[in-house]
Amino acid sequence: MAAELFFKSIAELGALLDTKTVSSAELTQAVIARTKAVEGRVKAFNSFDEADALAQASASDARRAAGQARGPLEGIPVGLKDVISVAGQPLTASSKMLANFVSPYDATVTTKLKGAGAVIWGRLNCDEFAMGSSTENSAFGPTANPWDLSRVPGGSSGGSSAALAAGETIAALGSDTGGSIRQPAALCGVVGLKPTYGLVSRYGLIAFASSLDQIGPFARTVEDAAIMLGAIAGHDPLDSTSFKADIPDYRAEVKRRQGPWRLGIPKEYFGAGLDPEVNAAVERAIAFYRAQGCEIKEVSLPHTQYCLDTYYIIATAEASSNLARYDGIRYGHRSKDAKDAVDIYFKSRAEGFGAEVKRRIILGTYVLSSGYYDAFYLRAQKVRTLIRQDFLNAYREVDALLTPTSPVPAFKLGEKSDPLALYLCDIYTIGVNLAGLPALSVPCGFTTGGLPIGLQLIGQPFAEANLLAMARAYEQAHDWHRQHPSL
Amino acid sequence: MNYEAVIGLEVHVQIKTNSKVFTRVAAGYGQPENTLTDPVVLALPGTLPVMNKAALDAIIKAGLLLGCEIAPVCKWDRKNYFYPDSPKNYQISQYDQPMCLGGSVEIELPGPARNVMGEHKRIPLTRIHLEEDVGKLNHFATESLVDYNRAGTPLMEIVSDPTMHSAEEAFAYLTSLRATMIYGGISDCDMEKGQLRCDANISIRPVGETKLGTKVELKNLNSISFVRDGIAHEIKRQLAVLERGGTLVQETRDYDGQTGTSQSLRSKEMAHDYRYFPDPDLMPVKVDEGWKDKLRAECPELSFPKQRRFAEAYALPYTLTSVLVWDKALADYFEEAVKLAGSGKAQAVGNWVVNDLLRELGTSHRALSDSKISPAHLAALVQLVDSGTVLTNAAKEIFVEMFATGETPGVIADRRGLRATATDAGELEQWCRDSIAANAKAVVEFKAGKDSAINAFKGPVMKAAKGKADPKLVDATLRRLLAAMG
Amino acid sequence: MTMSSAPDLDIDHVAKLARLALTTEEKAKFSQQLGDVLHHIEQLGKVDVTGVEPTAHAFPIVNVWANDVVRPGLTVEAALRNAPAQRDNMIVVPKVVE
Ligand SMILES: [Mg+2]
Ligand SMILES: [Zn+2]
């Protein structure tokens, strides 16, 4: 049994820890051993600190022995995408720019996880500065999909989804700006939740696009995702965009809330470019909900075709400004060739950033530059209003929307070299970020080639409990989440 | 051709708060390098700004004091530019929705003489917005060293309309603006500490022309007198260029107050394109009437209205009001002392404050707040003089000692034997009788209606009293005795 | 997908604004790739946005602030720990020419 500890859910492990069948030290040791066994092939981590993790696990065991266990995450190893700050640990954003950076402070989610007793375990690979959909844009090399090592794990939080699928962690955090949690979750066959904008603090998350970024959990089960969300959600005075929302007991609510729900099927999400096997799996999921007595209704989100452009204008504009701080002055890579202060900027940034980051900085700088602001950024913000309105209109008739998470299953490493082709991977996920809504991806089958497929549920603002309950209803009736890649 | 200068000033004023404008680490001046930082100040990856309520209060108060319209809603924008003193390489500022619009600064131009009030006018303001200060660069031969202590200090940018026409006006504008900020408790405005910084936009045009001429921005005007000298110098320079038949170029010039010269700053190779856009990390500020009312109640009376009130209510001359009102603490001190001494004694109190107190403070390099003479003690001194208990010369001596020791005037007068009552009434009357008896000619003149003849009796009386006689009492006694002679 | 270069995109100017030293190859490649993206983006011009308010925040709230109470910051050592060059407790950069 001990050999399979690393594939168990938080809920299952909680029972074992509570009954002292296993200790956090044993669990952490098992995860470390598994990581050492498979990491050479998966390459999900940028770094991990074994001794630190074991020390945290021992501290957790001591708390538990003293009757001071802090809840369901007590003693559970949780990996963090390498864009989330942990005091005294490296923080690289998978960029050469920050290759040697050590953060002096904890992100709010880190503080909260520590407070919940979790063992902070490893810094997970991602696309550089979270810009990408395949984790190929990491300065430290790509992560492989545990289901097929020749394929991408999705991105940008591909290290998080791959580590979880491979049993190298029990749960993980990622960040989602345009689908960066949901798409890799779908491609790796795990649950990934992007919370409502403002539900989880962004303090300590390396900013990509501030008005779109949101931290969220990766977990093996919907219940685990609910446990993770409960630990990280809540108002934070250090994030001015954080919302003062009541945080329910997600875990309890997810079990309590039963359907039937009114579910909308946005017709624009089932058009050209959708892989037939993905389409079929999602159709089967829709049929499941209908059979459960849910009202299934076709809805229209008429501005869907403008999501991609709106997203790339807003996201790159914000990114161009957010990434200006990486200049080699106070921290980060400084070019050895710089002759003067101005040179430091040009050369350090040229050497420190990868191609996709440069491309997006250029695009973002361009759309904000003199004479173009109204035509691009301002117009995109207005279209964003229309996109958001589409969703809110749909929610007058339905409780949530069902869509594929990604139009395609995991593709081959190196297959999509054209940026625009890669940008199209996000077409079903970016509308959610523009509208600030919560959405999750839950496994809904496999292709004939054995690649996971994800079902996306998009919920009403701050209705995560409902959303998770809907996903759990599906998960309970299927066993996709019990399947693991053979590595 | 006759030219006129057109001047607009951009003034940056640091707001006096405990913590910085977008994070709660301490703000301050004179601390060891890089000791006032935190992850937000250094723009470490992942950090986010949070507004400081006190900085918002301060700028709204400044707007109310200057008669601005306070925007019902204002927002935050990022001004993007790279510079080593700017940690994020963007400055959080306000672009198209500033906190304050319009308003004006009342100024007084120099009068025909120092003791005569000059012309008053109002210089209209364009806007006031809130932003964050940058760090400080220390330049050495081949390197620059950066200290981020100042980075993130709340900064107000106060922009005037381009409606001033002389260096004197600019000087008066800055003097008045500075006093207003100090009055409001918004900033100490110490230019040496960089708490008030001024850039001037200067152009000249033929009189009668309404279009603006080529604008030159003058930077580093780091004292109020440098502002005046620098602007005067720039106007002269521009006139000289035109007179030579040259053309002016739009540029930024650096004024060196020590040498009185200016130099063109190498025109920046990159055109300015700040790529302003709304800061997605901050939420807008909504200002309602209740908030404004609360701050309005905290707004003090400004110098010029106070000067008008002092002139009216206390019948003070310009020579006194023009000194008293510029320092709020001094004006408050004066009013407190007048309240205790009685309103009829305002001029006497004013004279003591302006002539004696300021002199003592000046020579001892002390601030008013460190003065050992309380308003109550000053009022007591004024009353002792008024009642004739202490004579003027003695009072001056007492004052100096009060300043040194902090004792009451009564205690000092007793210890030093400076009370006028050293001459008793009987003695004084005898001296007066002797003096009248010794000068029959003056008696005749006085009786004939020449009032000034009475002065002839006073000299011998004062001599006999060795100066320790109250002139008022001497006068009264002489008149009584002369009247009794029938 | 059409291969188009954006005539409007002055890559040298934009790279200067962004403080990125790009190689000739990068410039050519980015111009072409961003040309494609900008070409795609052109369709946004078709949306009627008359009278539509821009969305800056998905869930706008106002007056999010903190009281002016000082909290501890970083020690000098922690502040300069990641600095590429430092001296006398300050960050060193090659001389800044104004
Ligand atoms: Mg300015
Ligand atoms: Zn400014």
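Residues numbered from 1 in each chain as written. Chains lettered and ligands numbered in written order. Predicted model: local features only at pLDDT ≥ 70, side-chain atom pairs only at ≥ 80, totals over all residues. Heavy atoms only, no water.

**Student:** Sorry, what's going on with the overall build of chain B here?
**Tutor:** Within chain B one finds 15 helices and 18 strands. In terms of overall size, chain B is more extended than a compact globule, its C-alpha atoms giving a radius of gyration of 30 Å where 486 residues would be expected to give roughly 23 Å. The principal-axis extent of the C-alpha atoms belonging to chain B is close to 95 × 55 × 50 Å. Counting all 486 residues of chain B, 53% fall into the buried class. Long-range contacts, defined here as pairs at least 24 residues apart, represent 69% of the contacts in chain B between residues at least 6 apart. When the accessible area of chain B is evaluated, it comes to approximately 21200 Å², of which 53% is carbon and sulfur surface. (Helix = DSSP H or I, 4+ residues; strand = E, 2+ residues; numbered from the N terminus. Rg over C-alpha atoms; globule rule 2.2 N^0.38 Å. Buried < 20%, exposed > 50% of the residue type's maximum accessible area, 1.4 Å probe, protein only. Contact = heavy atoms within 4.5 Å. Areas by Shrake-Rupley, 256 points an atom, 1.4 Å probe, with all protein chains shown as cover.)

**Student:** Help me out: how do you make sense of the interface of chain B and chain A in this one?
**Tutor:** Accessible area lost during the coming together of the parts is what is often quoted as the interface size. Contacts between the two partners involve 32 residues from chain B and, on the opposite side, 39 residues from chain A. For the pairing of chain B and chain A, the buried interface totals around 2800 Å² over both sides, and the portion due to carbon and sulfur atoms is 60%. Where chain B packs against chain A, one counts one salt bridge. Among the salt bridges present, the one from Asp281 of chain B reaches Arg202 of chain A, with a minimum N-O distance of 3.0 Å. Linking chain B with chain A are 21 residue pairs in polar contact (both at pLDDT 80 or more), by the criterion used here. Counting residues per element, the ones that place at least two in the side of chain B that touches chain A are strand 5 (77–80) and strand 17 (277–278) of chain B. Across the side of chain B that touches chain A, the residue classes tally to 22 nonpolar, five polar and five charged. (Buried area = accessible area lost by both parts, 1.4 Å probe. Salt bridge = Lys/Arg side-chain N within 4 Å of Asp/Glu carboxyl O. Polar contact = N/O pair within 3.5 Å; in protein donor to acceptor, adjacent residues only side chain to side chain. Nonpolar A, V, L, I, M, F, W, Y, C, P; charged D, E, K, R; others polar.)

**Student:** Please explain the coordination of the zinc ion (ligand 2) as it appears in this structure.
**Tutor:** Note on metal geometry: ideal angles are 109.5 degrees for four donors arranged tetrahedrally and 90 or 180 degrees for six donors arranged octahedrally. Residue and element names in this part refer to chain B. Coordination of the zinc ion (ligand 2) by the protein comes from His12 (NE2), Glu131 (OE) and Glu157 (OE), over a distance range of 1.9 to 2.1 Å. Every donor residue of the zinc ion (ligand 2) comes from the same chain, spaced as H-x118-E-x25-E. For the pair the zinc ion (ligand 2) and the magnesium ion (ligand 1), the metal-to-metal distance amounts to 4.1 Å, and Glu157 bridges them. Here the residue His12 occupies a position in strand 1 (residues 3–14), and Glu157 occupies one in strand 12 (residues 154–160), the gap between them amounting to 145 residues. Pair check on accessibility: His12 and Glu157 agree, each one buried. (Donors = N, O, S within 2.8 Å, 3.2 Å for Na, K, Ca; no water.)

**Student:** Before we go on, may I ask you to explain helix 11 (residues 409–416) of chain B in this structure?
**Tutor:** Residue and element names in this part refer to chain B. Within helix 11, the full set of buried residues consists of Pro409, Gly410, Ile412 and Ala413. Taken around the axis of helix 11, the buried residues stretch over an arc of 165 degrees, which confines them to a single face. Packing partners of the buried residues in helix 11 comprise helix 9 (375–386) and helix 10 (392–405). Immediately downstream of helix 11, the backbone of Gly417 shows phi near 65 degrees, a positive value. (Arc of directions from axis to C-beta.)

**Student:** Even after reading the chapter, I still don't get the domain arrangement of chain B, so can you show me in this structure?
**Tutor:** Segmenting chain B into domains produces domain 1 (3–294), domain 2 (303–416) and domain 3 (425–484). Computed over C-alpha atoms, the centres of domain 1 of chain B and domain 3 of chain B are 67 Å apart. (Domains from an automatic or database assignment.)

**Student:** Got a minute to help me understand the packing of helix 13 (residues 440–447) of chain B against helix 15 (residues 471–484) of chain B in this structure?
**Tutor:** What describes two packed helices is the angle between their axes and the distance between those same axes. Residue and element names in this part refer to chain B. At a minimum axis distance of 11 Å, the contact between helix 13 and helix 15 shows a crossing angle of 80 degrees. In terms of their interaxial angle, helix 13 and helix 15 are classed as roughly perpendicular. Across the interface between the two elements, Val443, Phe446 and Lys447 from helix 13 touch Arg479, Leu482 and Ala483 from helix 15. Partitioning the contact of helix 13 with helix 15 into residue classes produces four nonpolar, no polar and two charged. (Axes fitted to C-alpha atoms, helices over the stretch in contact; angles between N-to-C directions. Parallel < 35°, antiparallel > 145°, perpendicular 65-115°, else oblique.)

**Student:** What am I meant to see in the side chain of Asn322 of chain A here?
**Tutor:** Structurally, the position occupied by Asn322 of chain A is in helix 10 (residues 307–322). For Asn322 of chain A, a relative accessible area of 3% corresponds to the buried category. Side-chain polar atoms of Asn322 of chain A contact the backbone oxygen of Phe208 of chain A, separated by 2.9 Å. Among the polar contacts listed, one links the side chain of Asn322 of chain A to the side chain of Arg78 of chain B, at a separation of 2.9 Å.

**Student:** How should I be thinking about the interface of chain C and chain A in this particular structure?
**Tutor:** Every contact between the two is made by 51 residues of chain C and, on the other side, 63 residues of chain A. Three residues, Leu44, Phe59 and Asn82 of chain C, lead the burial of chain C against chain A; their summed loss comes to 14% of the area buried on that side. Between Glu26 of chain C and Lys358 of chain A there is a salt bridge; the shortest N-O distance is 2.8 Å. Here chain C and chain A share 17 residue pairs in polar contact (both at pLDDT 80 or more) between them.

**Student:** How should I be thinking about the pairing of strand 15 (residues 251–256) of chain B in this particular structure?
**Tutor:** Each regular strand carries side chains that alternate between the two faces of the sheet. Residues and elements named next belong to chain B. With four bridges connecting them, strand 14 (residues 216–219) and strand 15 associate as parallel partners. Its bridge partner lying in strand 15, Leu218 is registered against Arg253. Taking the sense of rotation as the criterion, the β-α-β connection linking strand 14, helix 3 (residues 224–243) and strand 15 turns out left-handed. The pairing of strand 15 with strand 16 (residues 261–264) spans four bridges and is antiparallel. Paired with Asp254 across the two strands is Gln263, which belongs to strand 16. Connecting strand 15 to the antiparallel partner strand 16 that follows it, the hairpin turn spans four residues, and Gly260 within it adopts a positive phi of roughly 70 degrees. (Pairing = 2+ DSSP bridges. Right-handed = clockwise from strand over helix to strand, strands pointing away.)

**Student:** Where do I start with unusual backbone geometry in this structure?
**Tutor:** Trans peptide bonds make up the majority, and among non-glycine residues the majority have a negative phi. With an omega of 10 degrees, the peptide bond between Gly155 of chain A and Ser156 of chain A qualifies as cis. Relative to the helices and strands, Ser156 of chain A is located in the loop between strand 3 (119–124) and helix 5 (158–165). In this chain, Gly259 of chain A is followed by Pro260 of chain A through a cis amide linkage whose omega measures -5 degrees. Position of Pro260 of chain A among the secondary structure elements: in the loop between helix 8 (250–256) and strand 7 (262–266). Despite not being glycine, Cys189 of chain B shows a phi value in the positive range, around 50 degrees. Relative to the helices and strands, Cys189 of chain B is located in the loop between helix 2 (167–183) and strand 13 (196–206). For His365 of chain B, which is not a glycine, the phi torsion comes out positive at approximately 50 degrees. Here His365 of chain B lies in the loop between helix 8 (346–364) and helix 9. The exposed category is assigned to His365 of chain B, whose relative accessible area is 73%.

**Student:** Sorry if this is basic, but what is going on with the packing of aromatic side chains here?
**Tutor:** Working definition: an aromatic ring pair is given by the centre-to-centre distance plus the angle between the planes. Counted according to the given criterion, the structure contains 37 aromatic pairs over all chains. Taken together, a centroid distance of 5.8 Å and an interplanar angle of 75 degrees make the contact between Phe129 of chain A and Phe353 of chain A edge-to-face. Of this pair, Phe129 of chain A sits in the loop between strand 3 and helix 5 while Phe353 of chain A sits in the loop between helix 11 (341–352) and helix 12 (355–368), and the two are 224 residues apart along the sequence. By relative accessible area, which is 4% here, Phe353 of chain A ends up buried. Arranged with centres 5.1 Å apart and planes meeting at 90 degrees, the rings of Phe304 of chain B and Trp326 of chain B form a pair that is edge-to-face. Separated by 22 residues along the polypeptide, Phe304 of chain B in helix 5 (residues 303–313) and Trp326 of chain B in the loop between helix 6 (318–324) and helix 7 (328–341) bring together distant segments of the chain. By relative accessible area, Trp326 of chain B is classed as partly exposed at 28%. The ring of Phe59 of chain C carries the charged tip of Arg388 of chain A above its face, separated from the ring centre by 5.0 Å. One cation-aromatic arrangement involves Lys79 of chain B over Tyr274 of chain B; the distance from NZ or CZ to the ring centre is 4.4 Å. (Phe/Tyr/Trp six-rings, centres within 6.5 Å; stacked < 30°, edge-to-face > 60°. Lys NZ or Arg CZ within 6 Å of the ring centre and 35° of its normal.)

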